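# Fold and geometry: a report
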Amino acid sequence: QVQLVESGGGLVQAGGSLRLSCAASGTILSTNTIRWYRQAPGKQRELVATITSFGTTNYADSVKARFTISRDNAKNTVYLQMNALKPEDTAVYYCNTPFGVQTGYWGQGTQVTVSS
């Protein structure tokens, strides 16, 4: 059974940085497309960043040049480095695979709060 566990969130001042981790069990992340999503209170979940099995990355316009998605195959973990954080980045962040999204699986997420 695939399980994804997000961690690394917290409270940070605007302009600060955080690194989120997505650790997997039951699947090998390097063979999957992995996406980071976020959901702010009262808003729909939105796609933030993608890394494919080939290592190709893609970002939402709102986070380009500030966020970096990467993968450590040895640790079976995907990261989201977030720099120059803004209050509008405040949300619960989730990682997932396309299959997970299709089947409605979501982990517990990790809360990121950016104070102004």
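Note that this is a predicted model, so its numbers are computed, not measured.

### Some details on the state of the cysteines
If you walk through the whole model with that rule in mind, you get 1 disulfide. The partner cysteine of cysteine 22 in its disulfide is cysteine 95, sulfur to sulfur 2.1 Å. Here cysteine 22 and cysteine 95 share a disulfide; its torsion about the S-S bond, 75°, makes the bridge right-handed. Separated by 73 residues along the polypeptide, cysteine 22 in strand E3 (residues 18–25) and cysteine 95 in strand E9 (residues 91–96) bring together distant segments of the chain. Here cysteine 22 matches cysteine 95 in class, with each residue buried.

### Focus on the pairing of E3
In the sheet, strand E1 (residues 3–7) pairs with E3 via 5 bridges, with the strands oriented antiparallel. Within E3, the residue paired with valine 5 across the bridge is alanine 23.

### Details of the sheet that holds strand E8 (residues 77–82)
Hydrogen bonds between backbone atoms are what pair the strands of a sheet, whose relative direction is either parallel or antiparallel. Strand order across the open sheet formed by 4 strands is E1-E3-E8-E7, with antiparallel pairing between neighbours. For this open sheet the edge positions go to E1 and strand E7 (67–72), each flanked by a neighbour on one side alone. This sheet shows a mean twist of 15° between the axes of neighbouring strands, independent of strand direction. Two strands pair when backbone bridges link them, and E7 and E8 are joined in this way by 6 bridges, in the antiparallel orientation. Its bridge partner lying in E8, phenylalanine 67 is registered against methionine 82.

### Concerning the pattern of salt bridges
Pairing between side chains becomes possible if they bear opposite charge and their charged atoms approach one another. The tally for this structure, following the rule as stated, stands at 4 salt bridges. Note that glutamate 46 and arginine 38 form a salt bridge whose closest N and O atoms lie 2.6 Å from each other. Note on glutamate 46: relative accessible area 34%, which makes it partly exposed. Residues aspartate 61 and lysine 64 are paired through a salt bridge, measuring 3.2 Å at the closest nitrogen-oxygen approach. Of the residues examined, aspartate 61 reaches a relative accessible area of 66% and is grouped as exposed. Three or more residues joined by partner-sharing salt bridges are found here, namely Arg38, Glu46, Arg66 and Asp89.

Cut-offs applied
- Residues numbered from 1 in each chain as written.
- Predicted model: local features only at pLDDT ≥ 70, side-chain atom pairs only at ≥ 80, totals over all residues.
- Heavy atoms only, no water.
- Disulfide = S-S within 2.5 Å.
- Helix = DSSP H or I, 4+ residues; strand = E, 2+ residues; numbered from the N terminus.
- Buried < 20%, exposed > 50% of the residue type's maximum accessible area, 1.4 Å probe, protein only.
- Pairing = 2+ DSSP bridges.
- Axes fitted to C-alpha atoms, helices over the stretch in contact; angles between N-to-C directions.
- Salt bridge = Lys/Arg side-chain N within 4 Å of Asp/Glu carboxyl O.

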